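A structural walkthrough
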Amino acid sequence: MKTITSRDNAFYKELKQLAGSAQALRKAGKSLLDGVHLCQTYLDLIGQPAHCIVSEGALGNPEVAAIVGRVEAAQAHVTALPDALFGALSQVEHGVHLLFLVETPRPASVPALTTSAVLLDGVQDPGNAGSILRSAGAAGIRQVYCSPGTASIWSPKVLRAAMGAHFVLEIFEHADLAALVRAAAVPVLATSGYAAERLYDVDLVQPVAWILGHEGQGVSDELLALATRRVAVPHAGQVESLNVAACAAVCFFEQLRQQQSPPR
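Residues numbered from 1 in each chain as written. Predicted model: local features only at pLDDT ≥ 70, side-chain atom pairs only at ≥ 80, totals over all residues. Heavy atoms only, no water.

**Here's the deal with the sheet that holds strand E7 (residues 143-146)**
Either a parallel or an antiparallel arrangement is found when strands of a sheet pair, and the pairing is made through backbone hydrogen bonds. If you walk across this open sheet you meet the seven strands as E8-E7-E6-E11-E9-E12-E10, and the pairing is parallel. In this open sheet, the two strands that pair with only one neighbour each are strand E8 (170-172) and strand E10 (197-198). The pairing of strand E6 (residues 117-121) with strand E11 (residues 209-213) spans five bridges and is parallel. Of the residues in E11, the one forming a bridge with Ala117 is Ala209. The strands touched by helix H10 (residues 244-260) are E6, strand E9 (188-191) and E11; relative to E11, the strand with the most contacts, the crossing angle is about 170°. (Pairing = 2+ DSSP bridges. Helix = DSSP H or I, 4+ residues; strand = E, 2+ residues; numbered from the N terminus. Contact = heavy atoms within 4.5 Å. Axes fitted to C-alpha atoms, helices over the stretch in contact; angles between N-to-C directions.)

Structure (structure tokens):
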């Protein structure tokens, strides 16, 4: 384990730049995982990080010590920082001071829609994007395609909201959603509060692709026109519509319910 005590250290300066800029992370092809849960999940599902960074105070935490021990046993890089220096790197208030610096997965090509998938059409809020990933992973959906206008899917805020779902998903950023829908081998369902067809009246036993749209504008007119069907989640009361992440969860788990208990 290496210890850094100076703010002028070159590696510390690099970390600070990455922690403060999503653009710097994208340019470097790196992601920062903040906290015990994300780091533990990464170790269990993916493997060793490029670098483990921990505060000296956090080393007394048994969970942190166990993770650091696993990283050191694999002879990966571990760096300890004084608590004051670490505080400038983390965006989590009152969090456990543990970070993994990892390589961001970059799939070489975007496959065709042949299985259940999620298409994010300009979902801009990181919390919503992360929650949708989490619901998709929990419902057994494995592919997510993101339009250029969607939130930076590997940003620290999306990673925290997804709670490790990134590591069980295939995620394709900057995807041409219209081209995917045109060539899709499965039905494509666009969610819309104005659709006449109810979600619960649709047969979801077979794979489908879900299009979820921008928080305010919804799914674009182009994709609505290309979709196989438009569906709405019925609701009672005076609330105008569901939050996009809540809508996604209802859709995904209705699909899972039908697949596990198909209608006779």
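**Overview of a nonpolar patch on the surface**
On the surface, Leu45, Ile46 and Val168 cluster together into a nonpolar patch covering about 240 Å² of accessible area. Looking at the secondary structure, you find Leu45 in helix H3 (residues 36-45). (Patch = residues over 30% accessible without salt bridge, like charges linked within 9 Å, V, L, I, M, F, W, Y side chains within 5 Å. Areas by Shrake-Rupley, 256 points an atom, 1.4 Å probe, with all protein chains shown as cover. Salt bridge = Lys/Arg side-chain N within 4 Å of Asp/Glu carboxyl O.)

**So, the packing of aromatic side chains**
By the definition in use, this model includes four aromatic pairs. Considering the side-chain rings of Tyr42 and Phe167, the 5.3 Å spacing of their centres and the 80° angle between planes classify their relative orientation as edge-to-face. Note that Tyr42 is positioned in helix H3 and Phe167 in the loop between helix H7 (156-162) and E8, a separation of 125 residues in sequence. Phe167 matches Tyr42 in its accessibility class, with the two residues each being buried. (Phe/Tyr/Trp six-rings, centres within 6.5 Å; stacked < 30°, edge-to-face > 60°. Buried < 20%, exposed > 50% of the residue type's maximum accessible area, 1.4 Å probe, protein only.)

**Focus: the sheet that holds strand E4 (residues 77-81)**
Spatially, E1-E4-E3-E5-E2 is the arrangement adopted by the five strands of the open sheet, whose pairing is mixed. Two strands close off the open sheet at either side, each with one partner strand: strand E1 (2-3) and strand E2 (30-34). Note: strand E3 (residues 51-55) against E4, five bridges, orientation parallel. Note on E4: the bridge partner recorded for Ile53 is Thr79. Lying on the sheet, H3 is in contact with E2 and strand E5 (98-103); it crosses E5 at an angle near 40°.

**Regarding helix H4 (residues 62-73)**
Between the first and last C-alpha of H4 there are 16 Å, a value that for twelve residues agrees with the 16 Å anticipated at 1.5 Å per step. Among all positions of H4, only Val64, Ile67, Val68 and Val71 are buried. Looking straight down H4, one finds its buried side chains confined to an arc of 95°; they lie on one side. Residues Pro62 and Ala73 are exposed on H4 and point more than 90 degrees away from its buried face. Packing partners of the buried residues in H4 comprise H3, E3, E4 and E5. (Expected span 1.5 Å × (residues − 1). Arc of directions from axis to C-beta.)

**Some remarks on the pattern of salt bridges**
Counted according to the given criterion, the structure contains seven salt bridges. When the shortest N-O distance is used, the salt bridge between Arg182 and Glu222 registers 3.3 Å. Here Glu222 lies in helix H9 (residues 221-226) and Arg182 lies in helix H8 (residues 177-182), a separation of 40 residues in the sequence. In this structure, the salt-bridge partner of Arg257 is Glu254, at a minimum N-O distance of 2.8 Å. Of this pair, Arg257 and Glu254 both sit in helix H10, separated by three residues, roughly a single helical turn.

**Quick look at the nonpolar core**
Within soluble globular proteins, side chains that are nonpolar tend to cluster in buried spots. Counting 54 residues, the largest nonpolar core has Phe100, Ile132, Trp210 and Phe252 as the members making the most contacts within it. Here this core takes six residues from H10, the largest share from any one element. The contacts of Phe100, once residues within four sequence positions are left out, are Ser31, Leu32, Leu33, Cys39, Tyr42, Leu43, Pro49, His51, Cys52, Ile67 and Val71. In terms of nonpolar packing, the next biggest core, distinct from the first, is built from 19 residues, Ala117, Leu119, Ala190 and Ile211 among them. (Core = buried A, V, L, I, M, F, W, Y, C linked by side-chain atoms within 4.5 Å.)

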